[in-house]
Structure formats: structure tokens, C-alpha cells
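The residues making up each chain are set out below.
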Amino acid sequence: MGSAEGIYPFWRGRITAEHMAQEETEEETEEEPKVPKIRETPEDIKLEAIGNTIAFHPNQDILAAGDIDGDIYLYSYSCTEGANKELWSSGHHLKSCRKVLFSSDGQKLFSVSKDKAVHIMDVEAGKLVTRIPKAHTVPVNALLLVDENIFATGDDEGTLKVWDLRKGTSFMDLKHHEDYISDIAIDQAKRTLLTSSGDGTMGVFNIKRRRFELLSEFQNGDLTSVSIMKRGRKVVCGSSEGTVYIFNWNGFGATSDRFAVQAESLDCIVPITDNILCAASTDGVIRAISILPNRVVGSIGQHVGEAIEEIARCRDSRFLASCAHDELIKFWDISSLPEMKVTDYRRRKKKDRRLKALSNKAFDMGQNFFAGLLDTTEENGKEEEEDDDDGDDDDSGSGSD
């Protein structure tokens, strides 16, 4: 009995040692380098405050963001899981950062703020190189870079300024809007500058002759954004009423077409092609919208229950990024939009037709967020059939005035 008791611990120890050695071998095998997971889109970026504005670098996989605390962040992004990285941050603005934009060569980052200042930063070093502390007498809200030397700013009281960096001063200082300037656009010839305003009008300015041209008729609600589409033949404005307004080029006085989207407000629009734009709304949904024929073609994605402040398109139109009140920057796959054809203009609407998902993340978080959201547009007037090529630019789409 004593002999058996003496042997048992010996064999138990031997078995245990062999077993541990086997486990260590298995662990070594398991610890071999794993292949990084490649995602369809980069992972979300978490901010420290609500993001107001985002912009993509023109040449690299870099994104800039500005938040309500006045901080600016620069990130590198990647589809490789865990590869997003903060490159630098800056707290030079004293109040909320309203807009950031990269120069065309990607070497400078421009920003405007509620603190009335314009900042220009060196992208590589993350250092402030130029500061215009009192660019306006009231908070600055809009920014557009015309070329490497010229840029335009718009403020909360409707004043537009156009600046020349070589002189360090503005050569246009005009106030024709009665409310804030929400967005600025310019034609390819860099001659005609367009502004959208909270007073419900679109402004037209000739920066070559340095003069004001005209204001459009008043529209319902604030005009929140302005873009040039259809190879320069149409101008499109979003509005706080969820209506898309369309103007003919050189016919800026009155809209040639309009249609209401089932959205609370279209706060930011970004053209993806000559015919399709993405629009962000306070309902948290990013919609893809066809212009002439006028139709909501589907959803790109959403920040569930959170108002979206801005969307931006990357340089190769592969991704769209969005920032919202959930303090997140999200990325969406829009690579299919350039190939999309919207031809069935006279299709009869169905009352129960749901908003179509255009990306794998459109129904994010496992929720059928769009269950009650219909793909409809309320059109003023009778629908008429249009050609998809030449006829797309006719003004008989969904009504006029």
C-alpha cells in the first residue's frame, strides 16, 4: 500500500509535466502571427466631442476633423483592422471649429471657427503657419478654397469675403444675404461664386470682376448647401425643409425644378457623379439622390437617431465619411454609385416601398432602422418622361417655379 502511494505521485508529476509541455507547444503554435483582417471600410473613429466638419486629404489616406470645442484632429485611415491612427491634434481655435479643408496639394489645412478666425496649418508638422484672428466681425461659418492663393469665407450675418494669401487681405467684402452663409461653391472656370444662405436665397458673385451679380428668389426654409452638377449646367441646393432646389446655369433668379425628400433637413450635400449626390440629414440618414430624373435611390448608411453635421467624399470616390452628434466618424462604401443608372423615371410609386440599402452597412447595428422610412419624393407637378442622356437636363422633371 505504501509502495503504491509512493509511485502514484511520481506518475502524476510525470503526466502533468508532459501535459504542460504539450500545452506550451500548442500555445507557441497558436501565437504565430495572425493575418490582419481587411474590412470593407475603415473602422469608426471616436472623437472627444461632437464633430462639426471633416475633410479628406487629396493625395493620401488621411482625414481631418474639427469639433465643437475648437480642436482639430488629423487621422490616417485604413481598411486593415486596428490600423486607424491619430497623427496629431491642435487646439488653436478658441471656439467651435466650423469647417476644415485641405489645399489642393495637401500640404496645408485651412479652418474657420466661431472665434471669427481663419487658421492655416502645416499638414505634415501639425503646426499653425498663418492666423487671421479677426477675419470677420462675427463667427465664420463657410469656407471655400478657390486656388493655391485665393479662398472665400462666409459668416453668420451673411457677409462674403474673398481673400488673397499673397497680400494677406480680402479683396471682396460684400453683404447681400440677411442671414448666415451656409455653403460656397465655384464653377470650373473659377469665375462665378455661389453662396447658399439661411435667408432662403442663393447668391451669385463674379470674383473676376469682384462684384455681386444677383440673389435668387426666396425659397422655403434655409438653404443649407450648394453644389454644381450636370457638367456645370445645373446648380443644386439642399434646404432645412428637406426640399432639393435645382437652378439652371445662367438662370439663377428662379428654380427650374424642385422636389421634396422625405427627410427632416438636408444639411449637407456632396456630388458623387454628375447625376448622383449624397445628402445628410438631421434624421441621421445618408441618402443617395438622383438629379434629373429626381429620385431618392437608396440609403448609404446612418448614425442611428443622431443628426449628421457633415459628409465628405474621398479622393477616389470609394468611401464617404460622416460625422454626427454621436461623436463618431463613420465610413461608408460608395464604390457602386458611379456605375448606377437611374432610368425608370415614370415608375409608379408604391406606398409601401422601403428605402433601398446601397451598402452592407446601411442597416448598421442590426436594426431595421428604415422599416418605416419610405423611398418617396413629393413632387410639385406632373411627372414627365426624360431621356437619360440629353433629356436629363430638361426642366420638365417634377415641376417648376
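Up top is the structure these notes are about.
Only a predicted model underlies this, so the values are computations on that prediction, with no experimental measurement involved.

Draft legend 1. Quick peek at the overall build of the chain. Counting its regular elements, the chain contains 1 helix and 29 strands. Residue burial in the chain is summarised as follows: out of 401 residues, 51% are buried. If you take every contact in the chain between residues at least 6 apart in sequence, the share linking residues at least 24 apart comes to 48%. When the accessible area of the chain is evaluated, it comes to approximately 19,100 Å², of which 45% is carbon and sulfur surface.

Draft legend 2. Representation of the sheet that holds strand β15 (residues 192-197) in the model. Taken together, 4 strands build an open sheet; the order of strands is β14-β15-β16-β17 and the sheet is antiparallel. Whereas interior strands pair on both sides, the edge strands pair on one side only; in this sheet they are β14 (181-186) and β17 (211-215). Going from strand to strand, the sheet's axes swing by 25° on average, the running direction of each strand aside. Here β15 runs beside strand β16 (residues 202-206); their pairing, made up of 5 bridges, is antiparallel. Its bridge partner being in β16, T192 is matched across the sheet by N206.

Draft legend 3. The environment of A65, seen in detail. Following the sequence through the fold, A65 ends up in strand β3 (residues 62-67). Taking C-alpha positions, A65 is 5.6 Å from T53, a pair spaced 12 residues apart along the chain. Excluding residues that lie within four positions of it along the chain, A65 makes contacts with L47, T53, I54, D71, I72, Y73 and I329.

Draft legend 4. Structural detail: the nonpolar core. Counting residues in each nonpolar core, the largest one holds 19 residues, and the members touching the most others are C278, I286, I300, I311, L320 and L337. For this core, the secondary-structure elements that each account for two or more residues are β22 (266-271), β23 (276-281), β24 (285-290), β25 (295-302), β26 (308-313) and β27 (319-324). Sorting elements by how many residues they give to this core places β23 first, with 3 residues. The contact partners of I300, leaving out residues within four places of it in the chain, are C278, I286, A288, W332, I334, L337, L358, S359 and A362.

Draft legend 5. Representation of the sheet that holds strand β7 (residues 108-113). Ordered in space as β6-β7-β8-β9, the 4 strands form an open sheet in which the pairing is antiparallel. A strand with exactly one partner marks an edge of an open sheet, and here the two such strands are β6 (97-102) and β9 (127-132). Within the sheet, the average angular offset between the axes of one strand and its neighbour, ignoring direction, is 20°. Sheet topology places β7 next to strand β8 (residues 118-122); 5 bridges connect them, and they run antiparallel. Residue pairing in the sheet places K108 in a bridge with D122 of β8.

Draft legend 6. Looking closely at the environment of M172. Mapped onto the elements of the fold, M172 is located in strand β13 (residues 169-175). On the basis of relative accessibility, which here comes to 2%, the residue M172 falls in the buried class. Taking C-alpha positions, M172 is 8.0 Å from I207, a pair spaced 35 residues apart along the chain. Excluding its chain neighbours within four sequence positions, the residues that come into contact with M172 are L160, K161, V162, F205, N206, I207, R210 and R211.

Draft legend 7. Up close: unusual backbone geometry. Cis geometry marks the peptide bond from L292 to P293, where omega comes out at 10°. Looking at where P293 falls in the secondary structure, it is placed in the loop between β24 and β25. At L292, a residue that is not glycine, the phi angle is positive and equals roughly 50°. In this structure, L292 sits in the loop between β24 and β25.

Draft legend 8. Representation of the pairing of strand β18 (residues 223-229) in the model. In terms of residue burial, β18 counts as a mostly covered element, since 6 of its 7 residues are buried. Across 6 bridges, β18 lies against strand β19 (residues 234-239) in antiparallel orientation. Within the sheet, the bridge partner assigned to M229 lies in β19 and is K234. Where β18 hands over to β19, the hairpin turn is made up of 4 residues, of which K230 adopts a positive phi near 55°.

Draft legend 9. The packing of aromatic side chains, seen in detail. Considering all chains together, one arrives at 9 aromatic pairs under this definition. Clustering of aromatic rings is evident, with ring pairs tying together F56, Y77, F319 and F331.

Draft legend 10. Layout of the state of the cysteines. Tallying each qualifying case throughout the model produces 0 disulfides. The thiol of C314 is unpaired, and the distance to the nearest cysteine sulfur, on C79, comes to 9.5 Å. A residue is classified by how much of its surface remains accessible, and C314, at 3% relative accessible area, is buried. Just so you know, C323 is unpaired, no disulfide at all, and the nearest cysteine sulfur is the one on C268, 8.5 Å from it.

Draft legend 11. Summary view of a positive patch on the surface. A grouping of K95, K114, K116 and K134 is seen on the molecular surface, where their side chains present a positively charged patch. Mapped onto the elements, K116 comes out in the loop between β7 and β8.

Draft legend 12. Layout of the pattern of salt bridges. Considering all chains together, one arrives at 10 salt bridges under this definition. Here D164 ties to R166 by a salt bridge, and the two come within 3.0 Å at their closest N and O atoms. According to the relative accessible area criterion, R166 is exposed, its value standing at 59%. The partner of R231 in a salt bridge is D274, and the shortest N-O contact between them spans 3.8 Å. With R231 in the loop between β18 and β19 and D274 in the loop between β22 and β23, this residue pair connects regions lying 43 residues apart in the sequence. For D274, a relative accessible area of 33% gives the class partly exposed.

Draft legend 13. Fine view of the pairing of β14. Counting buried positions over the 6 residues of β14 gives 6, a clear majority of the element. Taking the residues between adjacent antiparallel strands as the criterion, β14 and β15 are bridged by 5 residues, where K190 takes a positive phi near 55°.

Cut-off values and rules
- Residues numbered from 1 in each chain as written.
- Predicted model: local features only at pLDDT ≥ 70, side-chain atom pairs only at ≥ 80, totals over all residues.
- Heavy atoms only, no water.
- Helix = DSSP H or I, 4+ residues; strand = E, 2+ residues; numbered from the N terminus.
- Buried < 20%, exposed > 50% of the residue type's maximum accessible area, 1.4 Å probe, protein only.
- Contact = heavy atoms within 4.5 Å.
- Areas by Shrake-Rupley, 256 points an atom, 1.4 Å probe, with all protein chains shown as cover.
- Pairing = 2+ DSSP bridges.
- Axes fitted to C-alpha atoms, helices over the stretch in contact; angles between N-to-C directions.
- Core = buried A, V, L, I, M, F, W, Y, C linked by side-chain atoms within 4.5 Å.
- Phe/Tyr/Trp six-rings, centres within 6.5 Å; stacked < 30°, edge-to-face > 60°.
- Disulfide = S-S within 2.5 Å.
- Patch = residues over 30% accessible without salt bridge, like charges linked within 9 Å, V, L, I, M, F, W, Y side chains within 5 Å.
- Salt bridge = Lys/Arg side-chain N within 4 Å of Asp/Glu carboxyl O.
- Lys, Arg positive; Asp, Glu negative; His and termini not counted.
- Charge placed at Lys NZ, Arg CZ, Asp CG, Glu CD.

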